[in-house]
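Residues per chain, in single letters:
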Amino acid sequence: MSLWFLIGILLTCLILVKQTNESNEEHTNAKKSTHFRTFQKTYLMIYSMLVCADWMQGPFVYQMYLKAGFSQYQISTIFVCGY
């Protein structure tokens, strides 16, 4: 059952992405200002660094939960929820 649920979510996401891309084609045809492009590059660079830092702390957080007495199932639930 969970496999079919994940497949359904994946298909829904793919459909939404395709519809979003088609509706945004008109906006992408317009010329973007240099100010916006600078902002976009800065934002993506900072966002990428923050995501990388979050990924790097994952193993340490796992060990912290393990030493605090959480079971492996509880830790995996916490990680799936995004905490």
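Residues numbered from 1 in each chain as written. Predicted model: local features only at pLDDT ≥ 70, side-chain atom pairs only at ≥ 80, totals over all residues. Heavy atoms only, no water.

*Asks:* Explain the packing of aromatic side chains to me, and be specific about the residues and the numbers.
*Replies:* Following the criterion strictly, the structure yields four aromatic pairs and no others. On the basis of an interplanar angle of 65 degrees and a centroid distance of 6.3 Å, the ring pair of Tyr 62 and Phe 79 is categorised as edge-to-face. Taken as a pair, Tyr 62 in helix α3 (residues 34-67) and Phe 79 in helix α4 (residues 72-81) lie far apart in primary sequence, 17 residues in all. By relative accessible area, which is 26% here, Tyr 62 ends up partly exposed. Aromatic pair Tyr 65 and Phe 70: ring centres 5.4 Å apart, planes at 75 degrees, arrangement edge-to-face. Overall, Phe 70 belongs to the partly exposed group, its relative accessible area being 33%. Following the ring pairs from residue to residue traces out a cluster consisting of Phe 39, Tyr 43 and Tyr 47. (Phe/Tyr/Trp six-rings, centres within 6.5 Å; stacked < 30°, edge-to-face > 60°. Helix = DSSP H or I, 4+ residues; strand = E, 2+ residues; numbered from the N terminus. Buried < 20%, exposed > 50% of the residue type's maximum accessible area, 1.4 Å probe, protein only.)

*Asks:* Give me the packing of α3 against α4: which residues, what numbers.
*Replies:* Between α3 and α4, the shortest axis-to-axis distance is 10 Å and the interhelical angle comes to 140 degrees. Here α3 lies oblique to α4, going by the angle between them. In the crossing of α3 with α4, the sense of the turn from one axis to the other is right-handed. Residues Gly 58, Val 61, Tyr 62, Tyr 65 and Leu 66 of α3 form the contact with α4, whose own contacting residues are Gln 72, Ile 75, Ile 78 and Phe 79. (Axes fitted to C-alpha atoms, helices over the stretch in contact; angles between N-to-C directions. Parallel < 35°, antiparallel > 145°, perpendicular 65-115°, else oblique. Left-handed = near helix turned anticlockwise from the far one by under 90°. Contact = heavy atoms within 4.5 Å.)

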